[in-house]
Amino acid sequence: MTTKARFHKHWRVVANTTPRLLLLITIFLFLLLIGTRVANRTTFAGNTVGSFEIDGNLTVDHLVPPSEPIDWDSSPFPAALTTFTDGTGSTDDIFGMGSKENDQSSWVCTAGSAPPKDDVVNQISINSGPPIAGEIAFRFFPVSGVQKQFLYANWSRLSNNGDAHIDYEFNQADPSTNPASPSCRQLPLRTPGDFLISFDTQNGGVIINASAFAWNGTTFAPLSLGSRGILWDAAVNTVPSITGLTATGTNLFGELALNVSETIGTIPCERVLFVSMKTRASTSLSAELKDRTRVMPVNFTVFNPASANASGSALGARVQDTLLGISQTLPTATPATCTQGVCSSQSGIGSTSNSNQVLNVAVPPPGGNVLKANVLSASSTSTVDSTTNTATDTGVAESAGVNLVGGLVTADVVRAVATAQASAFNSSFSSAGSAFNNLVVNGTHVNNVNPNTTIDLPAAQFGVGSFVKLFEEIGSSSQPPPGQLAGGTFAADLTVNMIRVHITSLAVTGDAVDVVVSHAQAHADFPQPAGCPALVGTVSGNATIVNEQTNPSALPVVVGFVSIPPQGGHDHQDLDQLSTSLVSGGTSVSDSAGTVLGSGSNSSSFAKAQDVCVLPVNGSCTAFASAIISQANSSSGRGISSSDAQGTSLLGLSVGGTSVSDNPPPKTTVLLPGIGSVTLNEQTCDGGGAPPCSGTTSSGIRVRAIHVIVNNPNALGIPQGADVIVGETHADSSHP
């Protein structure tokens with residue numbers, strides 16, 4: 001009463017003062033009001049901790065664009081998000097009595113009712129979505145120009161009739177293979193390096209503390225989080241009703257932000273941990289455990305497929321003839337804006353595909369002396385997939401019954417396939433599926449075509465510099481430079497031209513002609529996730545059906561060669577018939593594939609051939625195999641690298657007319673008087689030595705099914721020093 005009387009007396013004194021004093025007081029109150037509003041508009045406790053509104057609600061409250069700081073209702077949410085759900089009542093997933101936080105051997109996982117204050121329950125609804133019990137999210141955000149990793153987490157509980165004690169535990173072990181205890185197989189066993197983040201309130205949420213611990217093998221060791229508002233911040237709802245919380249009451253919702261890089265240590269991209277939410281009876285880590293959610297795998301990478309792109313084109317044929325004034329692309333443009341036959345393009349999540357074909361082509365009509373074909377078809381498909389976080393484009397051009405320049409080049413089927421793929425961590429390209437059937441060039445059957453094979457044409461008939469190029473392949477892949485953590489792009493491009501005829505001056509007419517048959521082009525790019533450097537592992541791989549060196553002064557004859565770039569990919573060839581000057585055989589296949597991931601790198605190459613005859617003499621073969629498979633495999637990661645020849649097989653063997661047992665031991669050598677030697681199942685580790693091939697960060701292996709060396713004068717007339725290899729494969733990998 002005395003206080004009230006004194007207040008009224010004071011107010012009467014103020015009322016009787018001069019207008020000048022009233023003006024000063026009014027200005028003071030006005031400035032105070034403005035200051036309060038400005039503070040509420042621009043200051044949030046967690047703005048300096050990962051640019052997140054730690055204000056005890058889910059909505060974005062700042063009034064001034066741009067989109068930072070964020071809150072749980074930000075859309076799209078720019079962080080890698082994992083949600084947890086949990087029931088309530090007698091069927092809830094809980095801990096049995098006596099389960100202590102710091103002693104997994106005491107854990108009993110059962111079903112039942114948790115105490116209301118410790119009962120995590122589905123009461124959070126983000127943007128009107130289905131209710132959940134809690135969330136964790138990770139993203140990288142720049143601090144003073146340096147990318148730092150931040151964790152954001154929230155929870156909701158059934159009742160506020162006591163303080164909240166919430167744990168988020170991150171484990172490396174998978175509970176399906178390494179359970180916490182025989183009585184709690186639903187949660188993972190702790191291993192050194194696991195960590196725990198705790199959220200504790202006191203006095204109904206008036207006091208809030210966040211803490212972190214690392215498991216050292218026997219106990220949780222505390223980690224320093226520093227001062228609140230610098231490396232961490234946390235809040236609970238202080239008003240009974242907030243948008244997005246289905247329950248009413250204070251201290252039922254809580255959230256925190258933590259600078260992971262400066263406290264726990266940055267968690268590598270693509271690493272997966274198993275995470276659960278738990279509640280304790282009190283602040284102490286020796287307290288009894290109460291409620292639990294089911295374990296969720298968590299990935300820490302924020303992907304951005306919305307900014308990925310894929311595009312490509314394909315055409316059956318393109319004809320340019322200067323004398324006849326022809327510049328024509330077939331089939332016709334699809335869509336009409338396409339300048340390369342059939343096109344597709346996809347920016348952001350989705351898929352676009354187009355195709356077209358034309359039958360019975362004759363250019364120029366009516367005879368078609370430049371180009372004739374029964375079918376020219378093309379298709380292009382561009383896809384950005386948010387499930388796999390990849391951008392992929394595939395172009396396919398297939399031509400049948402092809403006849404170019406009056407029979408200069410003919411083929412029953414010519415197929416071009418170009419595929420480019422990019423993800424958030426690597427990029428690759430592949431021409432697998434490209435093929436010829438019954439190809440004839442200038443009167444010569446061409447059964448074996450390696451990429452970028454060029455056949456020069458006689459100058460007198462076709463002009464100087466005229467050529468036929470087969471299986472022209474132009475590919476590239478790129479990634480951000482080492483150490484770059486944001487703003488980069490992974491990209492891949494590939495162009496495949498299966499036949500290109502280039503004539504500078506055709507005899508008699510002097511006509512200049514350029515014809516391309518079966519062209520496919522593909523591009524894909526995917527943005528680098530913030531905070532994630534390019535993967536440092538590499539692979540290589542190649543496979544060859546035949547490598548024949550008969551004249552040391554000339555280039556070797558190589559058949560069925562495929563290879564992959566350092567960041568991985570796939571290459572493949574199918575041959576209907578195997579034929580060189582010293583080797584013949586039936587169908588053959590060569591293949592090489594490799595991948596680079598955050599956890600490791602691996603590659604594998606194989607070469608298969610049937611009825612292989614090496615150095616035929618008077619109807620018999622110096623070396624023969626009814627079937628060979630040469631295979632090389634390599635993998636690296638987690639400090640271990642190994643390479644082997646598993647899958648290699650040699651069947652139906654004979655050397656010099658004498659049978660040899662199937663699948664001979666590595667490096668089985670048979671001497672051939674008057675010729676040299678034949679080595680079967682030759683295996684060599686990169687850097688020398690015999691398998692097994694191993695290392696800490698890298699290894700590789702080369703496998704040769706049949707290797708013939710001619711080092712003696714011989715009746716076959718083969719030069720000394722001739723070297724013939726059938727079925728050669730190589731694979732290597734590296735990863736720190």
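Values in this document were obtained by computation on a predicted structure and should not be read as measured data. (Residues numbered from 1 in each chain as written. Predicted model: local features only at pLDDT ≥ 70, side-chain atom pairs only at ≥ 80, totals over all residues. Heavy atoms only, no water.)

Caption draft 1: Seen up close, the state of the cysteines. Summed over the entire model, instances satisfying the criterion amount to four disulfides. Covalent S-S linkage joins Cys 685 and Cys 693, the inter-sulfur distance amounting to 2.1 Å. Disulfide Cys 685-Cys 693: torsion about the S-S bond near -90°, hence left-handed. Classification of Cys 693 as buried rests on a relative accessible area of 4%. (Disulfide = S-S within 2.5 Å. Buried < 20%, exposed > 50% of the residue type's maximum accessible area, 1.4 Å probe, protein only.)

Caption draft 2: Region of interest: unusual backbone geometry. Pro 335 follows Thr 334 through a cis peptide bond whose omega is -5°. Along the chain, Pro 335 turns up in the loop between strand S18 (326-330) and strand S19 (342-347). One non-glycine residue, Asn 360, adopts positive backbone phi at about 50°. By the secondary structure assignment, Asn 360 is in strand S20 (residues 350-363). For Asn 452, which is not glycine, the phi torsion reads 60° and is therefore positive. Along the polypeptide, Asn 452 turns up in the loop between strand S27 (444-445) and strand S28 (453-456). Its relative accessible area of 40% is what places Asn 452 among the partly exposed residues. (Helix = DSSP H or I, 4+ residues; strand = E, 2+ residues; numbered from the N terminus.)

Caption draft 3: Examining the packing of aromatic side chains more closely. Summed over the entire model, instances satisfying the criterion amount to 11 aromatic pairs. On the basis of an interplanar angle of 20° and a centroid distance of 5.8 Å, the ring pair of Trp 72 and Phe 77 is categorised as stacked. Residue classification places Trp 72 among the buried positions, given a relative accessible area of 2%. Both rings, one in Trp 215 and one in Phe 220, keep their centres 5.0 Å apart while their planes meet at 70°; by these two values the pair is edge-to-face. Taken as a pair, Trp 215 and Phe 220 share a single burial class, namely buried. Connected via pairs of aromatic rings, a cluster forms that spans Phe 52, Trp 72, Phe 77 and Tyr 152. The ring of Trp 215 carries the charged tip of Arg 190 above its face, separated from the ring centre by 5.2 Å. Seen from the ring of Phe 606, Lys 608 lies directly overhead, with NZ or CZ sitting 4.9 Å from the centre. (Phe/Tyr/Trp six-rings, centres within 6.5 Å; stacked < 30°, edge-to-face > 60°. Lys NZ or Arg CZ within 6 Å of the ring centre and 35° of its normal.)

Caption draft 4: Broad picture of the confidence of the model for the chain. Looking at the chain as a whole, the pLDDT averages 89, with 93% of positions reaching at least 70. The low-confidence segment residues 1-46 (pLDDT under 50) makes 16 contacts with residues lying over four places distant or belonging to another chain. (pLDDT = per-residue confidence, 0-100. Contact = heavy atoms within 4.5 Å.)

Caption draft 5: Expanded view of the layout of surface pockets. Considering only enclosed or pocket space, the largest pocket measures out at about 470 Å³ in volume. A per-class count over the lining of the largest pocket returns 11 nonpolar, four polar and three charged. Of the voids in this model, the second largest pocket is the one considered here, and its volume is about 390 Å³. As for the second largest pocket, its lining consists of 15 residues, of which Pro 78, Ala 79, Val 302, Phe 303 and Asn 304 are closest to the centre. (1 Å grid on protein atoms, 1.4 Å probe; cavity = no way out; pocket = protein on both sides within 12 Å on 5 of 7 lines; lining within 4 Å. Points joined across faces, edges and corners; volume = space filled by probe spheres on them. Nonpolar A, V, L, I, M, F, W, Y, C, P; charged D, E, K, R; others polar.)

Caption draft 6: Region of interest: the pattern of salt bridges. Using the criterion set out here, one finds 19 salt bridges in the structure. Put simply, Arg 190 and Glu 169 hold a salt bridge, and the shortest N to O gap is 2.6 Å. Taken together, the positions of Arg 190 in the loop between strand S8 (184-188) and strand S9 (195-202) and Glu 169 in strand S6 (residues 165-171) put the pair 21 residues apart, joining distant regions of the chain. For the residue pair Arg 190 and Glu 169, the accessibility class agrees, reading buried in each case. (Salt bridge = Lys/Arg side-chain N within 4 Å of Asp/Glu carboxyl O.)

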